[in-house]
Every structure is written in C-alpha cells, then in structure tokens.
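Geometric and topological summary
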Amino acid sequence: MDIQPIILIIMGLTALITYQGLNDYTFFNKYNFDIYGVKQGQFWRFLTSGFLHVDWQHFIFNMITLYFFGSNVVDVVGPFYFILIYIVSLLAGNVLTYQLYHNDLAYRAVGASGAIMGVLYSFVIMFPTQTIYLLVIPIPGFVFAIGYLLYSIYGMRKRMDNIGHAAHFGGAIGGLLLILLKFPALIQERLYLIGILLIPILLLIVMAKKGKI
C-alpha cells in the first residue's frame, strides 16, 4: 500500500509529541485535555491533546488505523482538505468532550482518536463496500466504524483510562460533515448508510440525556 506523505508527517509529529509526553510528566500535564485547565483559558489543549497518548499501545492502534484508511481519503480529497478533516475532527471531538464533562474538573484525556474517527467516517462514507481485516476476519468498514463507537460508549462508562473516548463521537461527526460538504451528492447516494453510521451517535445522545454517561 502506497502511503501519502501527509500521513507520514502526521504519524511522525504525533510520535515525537507522544514520546515527549510519556517521558516528561510536566509536558504531558501542560498539553493534555484538562477540563480545569480549559476553564482557566488554556484553549490550546483542544488541539495539543490530540497528539499525546497514554502509552505506545494507544499510539500504535490510532496510527495503524490512520495508516490503513488515511491514504485512500487523501487520494480523493487531496492533502489540504485531508488536514482540514483531521484538525476539525480532532477539535470537534474535544469540543463534544467538553460539553459532556465541563462540570467534571478532574476530567483529563488524550489521544488522536477524534481525528482518526473523522478519517474513518470519511473513508466509510466514500468507500462503503470496502472490506477490512480485523486480525484475519474480513468485515465491512462501516461495521468496524460503528463497533469502534460502541466500544467507545463502553469506555466512557467504565472510565478506566485517560483515553478520550467521547472525542470519537465528535470526530466522527466532523469527518462525516466535511465529506458531505465537499461531496453533497453523497447525501442522496448514501442516505441509508448515513443513517446507520449515526446510530451510535444518537445512542450516545440518548444516554447522555438520561445521565448514563
């Protein structure tokens, strides 16, 4: 598989910042997504937290997902629009996280997963029949995307780590909207698929309103 240069740049930059964060707690604490810090006006955390990870396993999972889906998206939309998708999805993920947890001053999270989810949802809406392999099991890409978000709900409820699970949903919304803005014909062509992809997002909204998140 040919990998686009912009994908390598993102992976390299994320690796460097993750390495620094894992080896320097002060650095990690300054740039993670911290509700209290954001309330103090430290708005850079909305962006910088997306380049930090809790460990190398977390980093590798996100970057593998970017590797397998990112270049195909770049091929269609070009590197500049891809950067827009990546950054907007990252920010949208953290904005949604803030909306859900703004009263929890102890909440902290990191991870590129919001941006990655935006890339994944962009890929799925453009390549709906594409099959991916989970270990050695072939599954449709949209099933993987939905499963990813359903697992994120589980992660949000358990609160066992500092991974920004809530950001996955904002990222998915960001990626989906930007692709539909660029290719509005997909709204009619993929209406049924869009409805399916929105199911876990609607589930999150319902659970949040009922106080179950």
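Quick caveat, the model's predicted, so the values are computed rather than measured.

Concerning helix α1 (residues 5–23)
Along its 19 residues, α1 runs 27 Å from first to last C-alpha, staying within 8% of the 27 Å computed at 1.5 Å per residue. Listed in full, the buried residues belonging to α1 are Ile6, Ile7, Ile10, Thr14, Thr18 and Gly21. Each buried residue of α1 lies within a common arc of 100 degrees when the element is viewed along its axis, so the set occupies one face. Facing away from the buried side of α1, by more than 90 degrees, are the exposed residues Pro5, Ile9, Leu16 and Asn23. Structurally, α1 contributes buried residues whose contacts are with α2 (25–31), α5 (56–77) and α6 (79–101).

Description of the packing of aromatic side chains
One pass over the full model with this rule turns up 13 aromatic pairs. Relative to Phe68, the ring of Tyr67 lies with its centre 5.2 Å away and its plane at 75 degrees, an arrangement referred to as edge-to-face. Residue classification places Tyr67 among the partly exposed positions, given a relative accessible area of 28%. In this structure an aromatic cluster arises from ring pairing among Phe61, Phe69, Phe123, Phe127, Phe144 and Tyr148. Cation over ring: Lys182 sits above Tyr81, and NZ or CZ is 4.7 Å from the ring centre.

Reading the values: the criteria
Residues numbered from 1 in each chain as written. Predicted model: local features only at pLDDT ≥ 70, side-chain atom pairs only at ≥ 80, totals over all residues. Heavy atoms only, no water. Helix = DSSP H or I, 4+ residues; strand = E, 2+ residues; numbered from the N terminus. Expected span 1.5 Å × (residues − 1). Buried < 20%, exposed > 50% of the residue type's maximum accessible area, 1.4 Å probe, protein only. Arc of directions from axis to C-beta. Contact = heavy atoms within 4.5 Å. Phe/Tyr/Trp six-rings, centres within 6.5 Å; stacked < 30°, edge-to-face > 60°. Lys NZ or Arg CZ within 6 Å of the ring centre and 35° of its normal.

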